[in-house]
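Structural description and commentary
Single-letter residue listing:
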Amino acid sequence: MAKITVTVDGVTYSDDVEPRLLLVHYLREQVGKTGTPIGCDTSNCGACTVHMNGVSVKSCSVLAVQAEGAEITTIEGMADGQWHPLQQAFHAEHAVQCGYCSPGMIMAAADLLRNNPHPSDQEIRAGLEGNLCRCTGYENIVRAVRRAAEAGASS
């Protein structure tokens, strides 16, 4: 077992973990952040995307021990008493169908908007590359990210 200390959505956790435990499993099973879905466990789908020290990572490709000392933000941490502008935009633009990819898409979009507050549609598509949606056809997702950018979601 290895001892890790991480801050998840503003709360610090210290836990013993198996060295091979994936961050996604740690977040869900030990911390209780079940809004981060387990998608493919191969980093192909992006559903498990979280922010680690302010950067998007696919939590199925990061070991929990690699997160030692890190600050993690999950989809639950995006809202601060009310929905984050990206969450509002996804709802308003019907950018969800089954909703399975939504947490990862929103987290990837937040990282994109932090680095590029006014992206073109092409830049939005490039920024979401690696996050798969099997339901929506992506058009509503692109519109949602554009809407959030216009609302100033990067700030």
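One can find the structure itself at the top, above this paragraph.
Presented here is a report on the structure given in the accompanying data block. (Residues numbered from 1 in each chain as written. Predicted model: local features only at pLDDT ≥ 70, side-chain atom pairs only at ≥ 80, totals over all residues. Heavy atoms only, no water.)

Things to note about the nonpolar core
Note the cut-off: Only buried residues count toward a nonpolar core, which is a set of Ala, Val, Leu, Ile, Met, Phe, Trp, Tyr and Cys residues joined through side-chain atoms within 4.5 Å. Exposure classes here rest on a 1.4 Å probe applied to the protein chains alone. A residue is buried below 20% of its type maximum, exposed above 50%, and partly exposed in between. Each helix corresponds to a stretch of at least 4 residues labelled H or I by DSSP, and each strand to a stretch of at least 2 residues labelled E; elements are numbered beginning at the N terminus. In this description, contact between two residues means that some pair of their heavy atoms is separated by no more than 4.5 Å.
Ranked by size, the top nonpolar core spans 25 residues in total, and within it Leu86, Phe90, Leu128 and Val145 carry the most contacts. Looking at this core, the elements that each hand over two or more residues are helix H2 (75-78), helix H3 (85-92), helix H4 (102-115), helix H5 (121-128) and helix H6 (139-150). When residues of this core are assigned to their parent elements, the largest contribution, eight residues, is made by H4. Ignoring anything within four residues of it in the chain, the contact list for Phe90 reads Ala95, Val96, Met105, Ile106, Ile141, Ala144 and Val145.

Description of the pattern of salt bridges
The criterion, for reference: Salt bridge, as applied in this entry: a Lys or Arg side-chain nitrogen positioned within 4 Å of an Asp or Glu carboxyl oxygen.
Within this structure, the stated rule accounts for six salt bridges. Where Glu93 meets Arg147, a salt bridge forms, and the shortest distance between an N and an O atom there is 2.7 Å. Highlighted residues: Glu93 in the loop between H3 and H4 and Arg147 in helix H6, separated in sequence by 54 residues. Here Glu93 falls in the buried class, since its relative accessible area comes to 17%.

Some details on unusual backbone geometry
Non-glycine residue Asn53 carries a positive phi angle of around 55 degrees. Mapped onto the elements, Asn53 comes out in the loop between strand S3 (49-52) and strand S4 (55-58). Owing to a relative accessible area of 52%, Asn53 belongs among the exposed residues under this scheme. Located in the positive-phi region is His94, a residue other than glycine, with phi close to 55 degrees. Relative to the elements of secondary structure, His94 occurs in the loop between H3 and H4.

The analysis is restricted to geometry; functional conclusions fall outside its scope.
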